[in-house]
Amino acid sequence: MIQIAALTKRYGDFIAVDDVSFTAEPGRVTGFLGPNGAGKSTTLRTVVGLAEPTTGRATVLGRRYADLPNPGLEVGVLLDASAQHGGRTGRETLVLAQRTLGLPRTRVDEVLELVGLTRPEARRRVRDYSLGMRQRLGIATALLGDPAVLVLDEPANGLDPAGIRWMRDLLRSFADGGGTVLLSSHLLAEIEMIADDIVMIGNGRVVASGSKATLLSGATTLARADDADALGAALRAAGHDATPTGDGAVATDAGLAAAGRVAFAAGLPLTELRAADGSLEEMFLALTAGTQRDGATAQPTTGAAA
Amino acid sequence: MTAAGTTPAPPTSAAAARSSARVPFHRLLDVELRKTVDTRASAALLAGVAGTAALVVGALAVWGREDELGLAYLAGSVAYPLQLVVPMVAALAVTGEWTQRGALTTFALVPRRGRVVGAKAAAGLLVAVATSLFSFALSALGTAVGSATRGIDPVWDLSLDAAARLTLLLVVATAVGFAFAVVIRASAPTLVAYLLFMLILPPLSSMLAAVFDGYAAVAPWVDLSTTMSVLSGPSVAGEQWAQLGVATLVWVALPLVLGMRRLLRVEIR
């Protein structure tokens, strides 16, 4: 579990991360979505102790990352696949981490197989690797210590579609085994494919968060009850669309009042009833468009090449 | 790449219950020593060190003056070129983390950065001492072979005391390079700074001393590159030890303290 509480990071006058709070739960893949420069990487660096927050706090498994005695055994980290010494072979890169963590030598071969790097590939120098291979090597380093938590910054960058599917399956089974995954991306499609929960960030602030089912349903209302399945069934019986969000709530296109009446009639006490957040895609486009406009204010809206 | 679809082993246990002991220092040292030879560049640098030593000893043994040929002469002669190259090994161990951006992985695995830097310092120290011992062995070989081919009696005149001082000389030089690296954290500027220290500072310092009487009095206390050369001389007086200590504080301890304060906090990106 990763908990981020009121995290703020300033560089002089610039606020890179502004009061960010969210939790990445065990058993789920949490996607950290935002345009480039939104503050994702800064947040992740703070989580793993490579940057100090200005205020606020991030904990992994209940502790500050820097307080973990041998963090590689508990948290797998991949922040930048291209940040690996180009002169080392892929295998040597893993051997250094394996020796630091105090793991048996055989573990290197295990993770190489896990990420699909062959022995000849592992003998090549990292500078000759494609970005996709570097991502696999970085994931291998992260998995080396058989951690319970993974923190991955843009891990799908440079992967081909088959590679992205491989990554999804890998992270899925990791989460299904009880692991916590926090990964970032600037691509909505990637996050949609991989994540269970989504935290969307723009200009350093969290603009939306929740389960993917809720955020992508386009529903107008979110209702929560102790028995979410029964609530969903009741809503559907009343002629509404109802999508379980996976975290005990139901997203529905019924209005607030209608949803409340259905629940009352079904004898289901609601624990939460509110308007659902706006469409994720629209919000994401608005965020992205905002950053693009900043760079092209002088450009006329008509006459530009489509 | 194979399209391996194998799944990872699920997390073995609740992480909170996991008994993970702190990474012991000897493992960090082991990894840092390994890093000094595990790339082509780092291996080439060490080979360059050995080659330089062999070249100098070989040339002096064959073409050097016959009346000078001896263990102390050879060991003393090879000391200076080693001072130029060996500190680079220690310096690059630090700067390489930033230049090659391995720091992102290194400090994620070991968040207590001071321990990593300590391991790098220990590795640099070991390399300096090992190189010094290697240069003595080479010098002994050069003495034996050179004397035999020239038909003269070999001169084994290197005292334990002198050998220790030559080793200390290399260690101090290495410490300077390491301290510069901790402050600058970039490979090329660090190497330039170190070469300026070794090659430009001594003539500059003596020029200043000739012009300013005030500086002439303090020069031995602050100009480490000149002061430390007394270590390769026949003996070191009490005041010279004091000067060496003060100058080392200025060039090693001070930058290390300032550099470490920054290195421990700086954001790794």
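Remember, predicted model here, so these are calculated numbers, not experimental data.

## What about the UniProt feature "transmembrane region" (unreviewed entry) in chain B?
Residues and elements named next belong to chain B. In the UniProt entry, the feature "transmembrane region" (unreviewed entry) is given for residues 43–64, 70–94, 121–142, 162–184, 191–221 and 241–260. Between the end C-alpha atoms of residues 70–94 there is a gap of 37 Å, over a span that is 96% helix and 0% strand. Along residues 121–142, the helical share is 100% and the strand share 0%, with 31 Å between the first and last C-alpha atoms.

## Focus on the confidence of the model for chain A
Mean pLDDT for chain A: 88, with 92% of residues reaching 70 or above. Across residues 295–306 of chain A, confidence stays below pLDDT 50; counting only partners more than four residues off in sequence or on other chains, it has one contact.

## Things to note about the sheet that holds strand 12 (residues 249–252) of chain A
Residues and elements named next belong to chain A. Here we have four strands laid out as an open sheet, ordered 11-12-10-13, and antiparallel in their pairing. If you trace the sheet from one side to the other, it starts and ends with strand 11 (242–244) and strand 13 (270–275), each paired once. Averaged over neighbouring strand pairs, the angle between their axes works out to 20 degrees when direction is ignored. Note that strand 10 (residues 221–225) and strand 12 share four bridges and pair antiparallel. Directly across from Arg 224, in strand 12, lies its bridge partner Ala 249. Helix-sheet contacts for helix 10 (residues 256–265) involve strand 10, strand 12 and strand 13, and the interaxial angle to strand 13 is about 165 degrees.

## Focus on the nonpolar core
Counting 100 residues, the largest nonpolar core has Ile 2, Leu 143 and Leu 171 of chain A as its most contacted members. Of the residues forming this core, the biggest block, seven residues, is contributed by helix 6 (residues 161–176) of chain A. Filtering out sequence-adjacent residues up to four positions away, Leu 143 of chain A remains in contact with Arg 107, Val 111, Leu 114, Val 115, Leu 150, Leu 170 and Phe 174 of chain A. Within the second largest apolar cluster, 26 residues are counted, among which are Leu 158, Leu 166, Ala 173 and Phe 180 of chain B.

## A word on the domain arrangement of chain A
By the assigned domains, chain A splits into domain 1 (2–209) and domain 2 (219–275). Computed from C-alpha coordinates alone, the two centres of domain 1 of chain A and domain 2 of chain A are separated by 35 Å.

## Examining the pattern of salt bridges
Scanning all chains against the criterion turns up 24 salt bridges over all chains. In this structure, Arg 205 of chain A engages Asp 18 of chain A in a salt bridge whose closest nitrogen and oxygen atoms are separated by 2.8 Å. Remark: Asp 18 of chain A occurs in strand 2 (residues 14–24) and Arg 205 of chain A occurs in strand 9 (residues 205–211); sequence separation between them is 187 residues. Overall, the relative accessible area of 42% leaves Arg 205 of chain A in the partly exposed class. The partner of Asp 80 of chain A in a salt bridge is Arg 101 of chain B, and the shortest N-O contact between them spans 2.8 Å. Of this pair, Asp 80 of chain A sits in the loop between strand 5 (75–78) and helix 2 (90–101) while Arg 101 of chain B sits in the loop between helix 3 (71–99) and helix 4 (103–109), each in a different chain. Given the relative accessible area of 24%, Asp 80 of chain A is considered partly exposed. Owing to a relative accessible area of 27%, Arg 101 of chain B belongs among the partly exposed residues under this scheme. A single network of salt bridges, built from pairs that share partners, joins Glu 32, Lys 35, Glu 97 and Lys 120 of chain B.

## Some words on the sheet that holds strand 4 (residues 55–60) of chain A
Residues and elements named next belong to chain A. Spatially, three strands are ordered 2-1-4 in an open sheet, and the strand pairing comes out antiparallel. Edge positions in the sheet fall to strand 2 and strand 4, since each has one partner strand and no second. Within the sheet, the average angular offset between the axes of one strand and its neighbour, ignoring direction, is 20 degrees. Summarising the sheet, strand 1 (residues 2–11) and strand 4 pair through five bridges and their orientation is antiparallel. Bridge pairing in strand 4 links Gln 3 to Thr 59. On top of the sheet, helix 1 (residues 40–47) reaches strand 1, strand 2 and strand 4; it is set at about 120 degrees to strand 1, its chief contact.

## Observations regarding empty space enclosed by the protein
Residue and element names in this part refer to chain B. In the structure shown here, the tally under the stated rule is three cavities of 30 Å³ or more. Volume-wise, the largest cavity comes out at about 60 Å³. Forming the walls of the largest cavity are Ala 75, Ala 79, Leu 82, Gln 83, Ser 132, Ser 135, Phe 136, Leu 166, Leu 169 and Leu 170. Sorting the residues of the lining of the largest cavity by element identifies helix 3, helix 5 (113–150) and helix 6 (160–184) as the ones contributing at least two each. Here the residues of the lining of the largest cavity sort into seven nonpolar, three polar and no charged.

## Brief notes about helix 1 (residues 25–35) of chain B
Within helix 1 of chain B, the full set of buried residues consists of Arg 27, Leu 28, Leu 29, Val 31, Glu 32 and Lys 35 of chain B. Looking at the buried positions of helix 1 of chain B, the neighbouring elements they touch are helix 2 of chain A together with helix 2 (40–63), helix 3, helix 4 and helix 5 of chain B.

## Digging into the layout of surface pockets
In this structure, the largest pocket occupies an estimated 870 Å³ of space. What lines the largest pocket is a set of 49 residues, among which His 85 and Arg 88 of chain A together with Lys 35, Glu 97 and Gly 102 of chain B lie closest to the centre. Taken together, the elements giving at least two residues each to the lining of the largest pocket come down to strand 5, helix 2 and helix 5 (131–143) of chain A together with helix 1, helix 2, helix 3, helix 4 and helix 5 of chain B. With six residues, the top contributor of residues to the lining of the largest pocket is helix 3 of chain B. Looking at the lining of the largest pocket residue by residue, the class counts come to 22 nonpolar, 19 polar and eight charged. Of the voids in this model, the second largest pocket is the one considered here, and its volume is about 290 Å³. Along the wall of the second largest pocket there are 20 residues; nearest its centre are Asn 36, Ser 41, Leu 79, Asp 153 and Glu 154 of chain A.

Rules of the game
Here the residue numbering is sequential within each chain, running from 1 through the sequence in written order. Chains and ligands are labelled by the order in which they are written, letters from A for the one and numbers from 1 for the other. Under the rules for a predicted model, residues below a pLDDT of 70 receive no local features and side-chain atom pairs below 80 are neither given nor counted, while totals for whole chains, interfaces and linings still include all residues. Heavy atoms from the whole structure form the basis of all side-chain values; hydrogens and water molecules are not counted. UniProt positions are given in the numbering used here, feature names are shortened, and annotations may be inferred rather than shown by experiment. Helix and strand labels come from DSSP, where a helix needs a run of H or I of at least four residues and a strand needs a run of E of at least two; each type is numbered from the N terminus. Known as pLDDT, the predictor's per-residue confidence is scaled from 0 to 100. By the convention used here, residues are in contact when the closest approach between their heavy atoms is within 4.5 Å. For two strands to be treated as a pair, DSSP must find at least two bridges joining them. Structural elements are reduced to axes, namely lines fitted to C-alpha atoms, with helices fitted over the stretch in contact, and the angle between N-to-C directions of any two is expressed from 0 to 180 degrees. Here the nonpolar core consists of buried residues drawn from Ala, Val, Leu, Ile, Met, Phe, Trp, Tyr and Cys, with membership extended through side-chain atoms lying within 4.5 Å. Only protein chains enter the accessibility calculation, which uses a 1.4 Å probe; a residue whose area is less than 20% of its type maximum is buried, one above 50% is exposed, and one in between is partly exposed. The source of the domain bounds is an automatic or database domain assignment. Counted as salt bridges are all cases of a side-chain nitrogen of Lys or Arg within 4 Å of a carboxyl oxygen of Asp or Glu. The method works on a 1 Å grid over the protein atoms by themselves. A cavity is a set of points holding a 1.4 Å probe that cannot get out, a pocket is an open set with protein on both sides within 12 Å along at least five of seven lines, and residues with an atom within 4 Å of a point line them. Grid points are joined across faces, edges and corners, and a volume is the space filled by probe spheres set on the points. Just so you know the grouping, Ala, Val, Leu, Ile, Met, Phe, Trp, Tyr, Cys and Pro go in nonpolar, Asp, Glu, Lys and Arg go in charged, and all remaining residues, Gly too, go in polar.

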